[in-house]
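Single-letter residue listing:
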Amino acid sequence: MKRIMTIFLLLCGLMLAAFAAGCGQDEGEGKTVALLFPNPSAGGPWQYIGDTCNKQMQEAGYKTNFQFCSSPENQVQQLREAIAENPACIVIAAQDTGNLGEALAEAKEAGIPVVAYDRVIMHTDAISYYASFENSSVGEFMARYVEEKLNLKGGAGPFNIEFLAGDPADTNAPQFYGGAYDYLKPYIDKGQLVVRSGQVSFQDVATPGWSGEKAQSRMEDILRRYYSGGEALNIVIASNDDLAAGVLKAQRSVGYSGPATLLTGQDASSEAVENIRTGRQAMTIYKDPAVLCTKIVRMVKAMVEGSQPAVNDVTNIRNDKITIPSYLCIPVIVDRENLDIVKN
Ligand code: BGC
């Protein structure tokens with residue numbers, strides 16, 4: 001019996017040692033991964049996302065060349081500098097999804113695998129994998145939230161609604177918008193939702209640079225032209241929290257006096273969390289960066305080790321050149337009821 005026990009303990013020890021080696025600091029064997037992110041001072045969640053990813057990558061044992069860019073041109077330059085250092089892998093969240101093709105061709109030429117983070121990059125076949133949250137679900141979740149809170153299925157209405165979409169230079173922006181608009185369109189057609197401004201094409205509702213200021217001035221214009229006679233602006237579908245903040249500023253600056261607006265957002269920014277707590281914003285879509293970065297670290301590890309990264313979509317994510325194997329995470333609706341799940 002004693003002998004069996006000793007063998008058992010020995011086996012446990014060996015298993016623990018093997019596990020520790022697998023999870024250890026030197027898992028990445030000191031290889032360098034370039035992490036290139038958009039300009040955080042232009043808004044959006046990039047500072048927190050970048051820091052989270054960098055930390056996780058380092059904890060997995062990789063050295064990182066971690067950069068935020070200051071402009072689309074600056075990101076191209078950072079990408080070229082990263083390629084020159086021949087990293088084991090490049091992870092890039094594009095500032096402008098349209099201008100990286102040429103530099104990425106150089107990465108491919110040098111045999112460096114590239115993972116596109118969050119935004120699909122156009123005009124290139126040099127992307128090995130893409131990892132993101134389901135972008136059209138982001139918009140659809142906003143729409144379903146409105147549907148439920150205002151009992152659209154039960155025939156309620158008419159309600160006035162306006163839309164604020166994201167940056168035309170970001171491939172995600174039309175997907176967020178399409179996810180929401182397409183879901184709500186039947187209610188617009190039936191007259192339960194009314195867009196007084198008539199602005200519904202992506203071009204009309206897009207916000208260059210995801211700029212909160214631009215969102216504010218477009219909303220001020222809409223409020224002055226279509227909601228100055230006491231009309232209620234019941235709903236604004238804002239594609240992210242910066243745009244939602246612009247809506248609240250616009251309402252204050254023009255003295256909007258109608259009933260409260262059901263306002264959506266995305267990212268669970270600290271400002272949005274506060275606005276949800278105090279009732280000025282109804283909801284946001286939470287895309288926990290830790291969840292996505294975990295997937296990215298696994299992808300990088302598999303590529304560096306020469307194995308196949310785990311993906312859950314091999315057909316739907318395309319740019320103008322290739323279909324990109326992808327890992328898509330599910331975003332989460334956050335409102336007053338579950339605000340405490342937000343970690344940033
Ligand atoms: C991201 C959003 C973000 C927006 C603005 C999008 O590509 O997916 O989370 O709010 O960019 O930075």
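Conventions adopted
Residues numbered from 1 in each chain as written. Predicted model: local features only at pLDDT ≥ 70, side-chain atom pairs only at ≥ 80, totals over all residues. Heavy atoms only, no water. Near = heavy atom within 4 Å. Polar contact = N/O pair within 3.5 Å; in protein donor to acceptor, adjacent residues only side chain to side chain. Areas by Shrake-Rupley, 256 points an atom, 1.4 Å probe, with all protein chains shown as cover. Domains from an automatic or database assignment. Axes fitted to C-alpha atoms, helices over the stretch in contact; angles between N-to-C directions. Helix = DSSP H or I, 4+ residues; strand = E, 2+ residues; numbered from the N terminus. Left-handed = near helix turned anticlockwise from the far one by under 90°. Contact = heavy atoms within 4.5 Å. Nonpolar A, V, L, I, M, F, W, Y, C, P; charged D, E, K, R; others polar. Pairing = 2+ DSSP bridges. Salt bridge = Lys/Arg side-chain N within 4 Å of Asp/Glu carboxyl O. Buried < 20%, exposed > 50% of the residue type's maximum accessible area, 1.4 Å probe, protein only. Expected span 1.5 Å × (residues − 1). Buried area = accessible area lost by both parts, 1.4 Å probe.

Visitor: Any chance you could break down the site of the ligand for me, citing the residues and the numbers?
Guide: Near the ligand there are 13 residues, and of these Asp-118, Arg-119, Asp-170, Asp-267 and Lys-287 occur at the shortest range. Between an oxygen atom of the ligand and a side-chain N or O atom of Asp-118, the distance comes to 2.8 Å. Protein coverage of the free-state accessible area of the ligand, which is 310 Å², stands at 98%. Lining the shell around the ligand are residues from two domains, each supplying at least three of them: domain 1 (28-134 + 288-330) and domain 2 (135-286).

Visitor: So what's going on with the packing of helix H5 (residues 135-149) against helix H6 (residues 172-190)? Residues and values would help.
Guide: The geometry of H5 relative to H6 is characterised by a closest axis approach of 7 Å and an angle of 35 degrees between their N-to-C directions. In this structure, H5 crosses over H6, and the sense of that crossing is right-handed. Along its contact with H5, which presents Asn-135, Ser-136, Val-138, Gly-139, Glu-140, Ala-143, Arg-144 and Glu-147, the element H6 presents Asn-172, Gln-175, Phe-176, Gly-179, Ala-180, Tyr-183, Leu-184 and Tyr-187. Residues belonging to the contact of H5 with H6 are distributed by class as follows: 7 nonpolar, 6 polar and 3 charged.

Visitor: Let's hear about the sheet that holds strand S3 (residues 89-92): which residues, and what values?
Guide: Read from one edge of the open sheet, 6 strands run S2-S1-S3-S4-S5-S11, paired in parallel fashion. The sheet terminates laterally at strand S2 (63-68) and strand S11 (326-329), the two strands that pair on one side only. Here the average twist between neighbouring strands, direction ignored, is 15 degrees. By the bridge criterion, 3 bridges tie strand S4 (residues 114-117) to strand S5 (residues 129-133) in an arrangement that is parallel. Within the sheet, the bridge partner assigned to Val-115 lies in S5 and is Tyr-129. Packing of helix H11 (residues 289-305) onto the sheet brings it into contact with strand S1 (32-37), S3, S4, S5 and S11, and relative to S5 it is tilted by some 165 degrees.

Visitor: Explain the pattern of salt bridges to me, using residue names and the numbers behind them.
Guide: What the rule picks out here adds up to 12 salt bridges. Linking Lys-343 and Asp-288 is a salt bridge whose minimum nitrogen-to-oxygen distance equals 2.4 Å. With Lys-343 in the segment after strand S12 (332-335) and Asp-288 in the loop between strand S10 (283-286) and H11, this residue pair connects regions lying 55 residues apart in the sequence. Judged by its relative accessible area of 54%, Lys-343 falls in the exposed class. You can call Asp-288 buried: its relative accessible area is 9%.

Visitor: I'd love a proper account of the pairing of S11, names of residues and values included.
Guide: Here S11 shows no split at all, with Ser-326 and Leu-328 on one side and Tyr-327 and Cys-329 on the other all buried. Note: S5 against S11, 4 bridges, orientation parallel. Residue pairing for S11: Tyr-130 is matched across the bridge by Ser-326.

Visitor: Which residues make up H11, and what values do they have?
Guide: Taking 1.5 Å of rise per residue, the 17 residues of H11 would be expected to cover 24 Å, and the 24 Å separating its terminal C-alpha atoms lies within 8% of that figure. Looking at H11, one finds that the buried residues are Pro-289, Leu-292, Cys-293, Lys-295, Ile-296, Val-297, Met-299, Val-300, Ala-302 and Met-303. Considering only its buried residues, H11 is in contact with S1, helix H2 (46-59), S3, S4, S5 and S11. The backbone nitrogen of Ala-290 has a side-chain oxygen 3.0 Å away, supplied by the residue at the start of H11, namely Asp-288.

Visitor: Mind laying out the sheet that holds strand S9 (residues 262-263), listing which residues take part and the relevant values?
Guide: One open sheet holds the 4 strands; their spatial order is S7-S6-S8-S9, and the pairing between them is parallel. Every other strand in the sheet has two partners, leaving strand S7 (193-194) and S9 as the edge strands with one partner each. The pairing of strand S6 (residues 159-164) with strand S8 (residues 235-238) spans 4 bridges and is parallel. By the bridge assignment for S8, Ile-161 is matched with Ile-235.

Visitor: Describe in detail the domain arrangement of the protein, supporting the description with residues and values.
Guide: For the protein, the assigned domains are domain 1 (28-134 + 288-330) and domain 2 (135-286). Taking the mean C-alpha position of each, domain 1 and domain 2 sit 30 Å from one another. Between domain 1 and domain 2, the contact holds 17 residues from the first and 14 residues from the second. Looking only at domain 1, the three residues that lose the most surface to domain 2 are Arg-119, Glu-134 and Asp-288, adding up to 38% of its buried area. Where domain 1 touches domain 2, the interface holds 1 salt bridge. Here the side of domain 1 that touches domain 2 is composed, by residue class, of 7 nonpolar, 5 polar and 5 charged.

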